[in-house]
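These are the residues of each chain, in order.
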Amino acid sequence: MKTRFFIIVAALLTLVVRFAAATQADDTTITITAQNPGPTVFISQLTLTASSTDTIKSIQFTISTKAGAFARPLSGTYSLDYMVTKGYLTPPSTDIFLPVYGLYAGATNTVTLTYNFLDGSSKTDSTTIDAGTFDDQGCGYNTPTVLKARTDEPISYDYIFIRSGCGTYSPVIVDSDGNLRWVSPLAVPNALTGSSTFYQGAIYAGVTSILYRIDLDGTVTVLNDYSTTDDVLNFHHNIDAGKAGLLAAVDTTSQFESTILDVDLTGTVVKTFNMADIISAAMTAGGDDPSQFVYPSPTDWFHNNAATYNRADDSIIVSSRENFVICIDYASSTIKWILGDQTKKWFTFPSLAAFALNVTTDSLPPIGQHATSLTYDNDLLLFDDGFGSMFQQPPGETRTYSSPRKYELNLDTASGMTNPGTATVVYQYEQNQSVYSPICSSVYEDAPNNYLVDYAAIGFPETTSDLGQLLGLNSAGDQVFYYQYPTMVCNTAYNSQPIHLENTQFPVVGPQALNVSTRGQVSNTDDTLIAGFIVTGTGSKSVAVRLLGPSLGDQGLSGTVTDPLLTIHDSSGAVVATNDNWQSDPSADQLTADGLAPTNTSEAATIQSLAPGYYTVVASSVDGTAGIGLVEVYDLSPGSGSVLANLSTRGFVGNSDQALISGFIEGQESNGTIIVRGLGPSLGSAGLTGFLTNPLLTVYDSTGTAIATNDDWGSGTNTPDLVSNGLAPADDSESALVLHPPAGNYTAIVTGADGGTGLSLVEIYDLDQSASPQ
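The structure displayed is predicted, hence computed values, not measured ones.

**Some words on the pattern of salt bridges**
- Scanning the entire structure with this criterion turns up 19 salt bridges.
- Arg405 serves as the salt-bridge partner of Asp384, at 2.8 Å between the closest nitrogen and oxygen. Of this pair, Asp384 sits in strand 26 (residues 380-384) while Arg405 sits in strand 27 (residues 403-411); the two residues are 21 residues apart in sequence, bridging distant segments of the chain.
- One salt bridge in this structure joins Glu397 and Arg399, with 3.7 Å as the shortest N-O distance.

Written out as structure tokens, the structure reads:
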């Protein structure tokens, strides 16, 4: 009898353990029930049926890389809210519509589905999708000439968006192996879709006077027709990232290729830049006759072919192929500086010459340039076509080759127009000096020093049956791939940009600091680690805050704080939340579900819903023993009406592992603006003593490569940007950097430039967000 009793008890215990271990992944059945062709052969529409959708957090699809290829697998993740918003899921129905885009055409694709649940559990399923063949209408995308095949050499990007005008399916996306992976379902005549861009997970294309949004799932939406409201005849050349959303080059009834619209992502015009009016006003003010340089439509006197927004000084940088690169203050629409060939006509007018940047010795001015953009270190990158003016006379210099060039601009904001500053070439790719591509070409930087070069029209103007080439360069300067296509003028590979489709999140989050962290000394004295951050916007934000100590030993650190305590204060000093051991916090289950539960039970963590405002996290030690700790702040609701804007952390800078280390994650889109500062002496004005007298600031990317460093802020190249944004440090020995980093993980480290120690403050400002809470 006793034996039977023990057997029954053991069986009951087993059932209890199994029940306790059951997860939402265990309890939810999801079945693939149908597979239908999408709007193109690169898209398939799966139908899933779930036993319940209440516990689903997101669904991810991943397309396996085909044999012999090196591009990272293409993947997309749809959140439950996004699926409901898009109509992929309509409760109470349990059927889920799941688009899978980026298939290999003419192949059997292996697709893995990952179902993620609210309790943190997940499970996978897989299927195969046979994609049909694709007729590229003679454009060569199916069979590029391989000048260098993709190898396993590292490069930061694996997908390329091509603003093309070949065939009736442009624009297109190819991967770094040369495979065509996506085409537009818009189906308009070939020459009409040269004006397009990939921005925040979608394609925007201008056709005649209409702006379209094309989602990766093939959905086409008309955003606006500007023919009646803004006098637009058609889009031309580029659509680029702007302040409100997009900078669109358009022709109007009065001006040809000299008008730029800044439109938001709904298609609403926020601001118009009429370059004829802007330049005419400057010439008149300077005593020149603008009718000698500025002409009405249809004269191609300006030929705008690209523009980019500079958040660092609130300006747009515009490429005029006929004349120069010109910078316009966004608010006042006035000229700030001009960079170009001074043998051209524009320089004969004193009113325009007064804005000219002088090119330093051994540097070349841009000629007939295209594809203006800003790099991670706020330098100006462009493709120097080397092709002189076609309308304006004198036409200036014409070279025998084209080259990507990067310029460091040293601007003198105090001198006015008399001496705006200098421009120095700090990078140029001239290994291909035999390559001459005089129109339509481009260069863009992805991660630091990883470039995509597009030679769009090799052979023009001698022939219109010319060649287009796509060249990938990594940070070591190595050619990672090199493909060639037939083209008519430049309709096949026109102004191409590197993009990331390895794991696109829907909804897509634009440029913003998503998560921030700081490591330093934790104690119960004034030199303890204190982190501050700002929630901006109009609504509350869900934020996870963690303070780690013992688990840092797993990273090889010694002397970590053994029992950390975190306390969150609002701007009034009131305590918002406090936590010692994370498992005692009311949010413990949610921390686990979100994968943010610390690995050591003595570490602290909490999830809070915080209204817009200023917050401070004070780290301390429960047992009074000092040691190294890590404060982390996670944005759990990106894409909401509020954002994490800035992070500042005060702590003790010592030697070796006791440096003050701050990390941040930049959102999925590139070219946000981040200012990082390392302060020391100015802390004395706050009544603090024992501060670091000479801080040295270095920013590293996720590979551990130093992408920027600064000792004394006034010696850096971004001094005007710091001053104009009111972020110039108060002491000359303090450090600051202005960066435009690609999406990814970054670390800012403050040490003593002279080996000194003391209190320091490291600050990270996200200029893409409002600096003050609403």
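Read on, since the account is not over.
**Regarding the nonpolar core**
- Ranked by size, the top nonpolar core spans 49 residues in total, and within it Phe61, Tyr78, Met83, Tyr101 and Leu216 carry the most contacts.
- In this view, Met83 contacts Ile59, Tyr78, Tyr88, Leu89, Ile96 and Leu98; residues no more than four positions away in its chain are not counted.
- Membership of the second largest hydrophobic core comes to 39 residues, among which are Ala531, Leu547, Val631 and Leu692.

**So, the sheet that holds strand 16 (residues 232-241)**
- Ordered by their spatial adjacency, four strands build an open sheet running 16-17-18-19, and the pairing between neighbours is antiparallel. This sheet does not close on itself; its edge strands, each paired only once, are strand 16 and strand 19 (269-274). Recorded for the sheet is a direction-independent mean angle of 25 degrees between the axes of neighbouring strands.
- Here six bridges tie strand 16 to strand 17 (residues 246-252), and the two strands are oriented antiparallel to one another. Opposite Asn234, over in strand 17, you have Asp251 as the bridge partner.

**Quick word on the side chain of Gln497**
- Along the chain, Gln497 falls in strand 33 (residues 494-499).
- A distance of 3.4 Å separates a polar atom in the side chain of Gln497 from the backbone oxygen of Phe198.
- Every residue in contact with Gln497, bar those within four places of it in the chain, is listed here: Tyr159, Ile160, Phe161, Arg163, Thr197, Phe198, Tyr444 and Leu452.

**Things to note about the state of the cysteines**
- Scanning the entire structure with this criterion turns up two disulfides.
- Linked covalently through their sulfurs, Cys440 and Cys490 form a disulfide whose S-S length is 2.1 Å. Residue Cys440 is located in the loop between strand 28 (421-428) and strand 29 (442-445), and its partner Cys490 is located in the loop between strand 32 (479-488) and strand 33; the two are separated by 50 residues in the primary sequence. The burial state of Cys440 is the same as that of Cys490; both residues are buried.

**With respect to the side chain of Ser315**
- Structurally, Ser315 can be placed in strand 21 (residues 315-320).
- With relative accessibility at 0%, the residue Ser315 sits in the buried group.
- Here Asp313 takes part through its side chain, which lies 2.6 Å from a polar atom of the side chain of Ser315.
- The residues contacting Ser315, other than those within four sequence positions of it, are Thr308, Tyr309, Asn310, Cys327, Ile328, Asp329, Tyr330 and Lys336.

**Points about the pairing of strand 49 (residues 744-752)**
- As paired elements, strand 44 (residues 660-666) and strand 49 share seven bridges and run antiparallel to each other. Counted as the bridge partner of Ile665 is Asn745 from strand 49.
- By the bridge criterion, six bridges tie strand 46 (residues 695-700) to strand 49 in an arrangement that is antiparallel. Looking at strand 49, one finds that Tyr700 is bridged to Thr747.

**A few points about the sheet that holds strand 3 (residues 56-63)**
- Spatially, the five strands line up as an open sheet ordered 7-6-3-4-34, and their pairing is mixed. With one partner strand each, in any of the chains shown, strand 7 (122-130) and strand 34 (504-506) form the two edges of the open sheet. Across this sheet, the average inter-strand angle for adjacent strands is 20 degrees, counted without regard to direction.
- As judged from the six bridges shared by strand 3 and strand 4 (residues 74-79), these two strands associate in the antiparallel manner. Within strand 4, the residue paired with Ser58 across the bridge is Ser79.

Here is what the cut-offs are and how they apply
- Residues numbered from 1 in each chain as written.
- Predicted model: local features only at pLDDT ≥ 70, side-chain atom pairs only at ≥ 80, totals over all residues.
- Heavy atoms only, no water.
- Salt bridge = Lys/Arg side-chain N within 4 Å of Asp/Glu carboxyl O.
- Helix = DSSP H or I, 4+ residues; strand = E, 2+ residues; numbered from the N terminus.
- Core = buried A, V, L, I, M, F, W, Y, C linked by side-chain atoms within 4.5 Å.
- Buried < 20%, exposed > 50% of the residue type's maximum accessible area, 1.4 Å probe, protein only.
- Contact = heavy atoms within 4.5 Å.
- Pairing = 2+ DSSP bridges.
- Axes fitted to C-alpha atoms, helices over the stretch in contact; angles between N-to-C directions.
- Polar contact = N/O pair within 3.5 Å; in protein donor to acceptor, adjacent residues only side chain to side chain.
- Disulfide = S-S within 2.5 Å.

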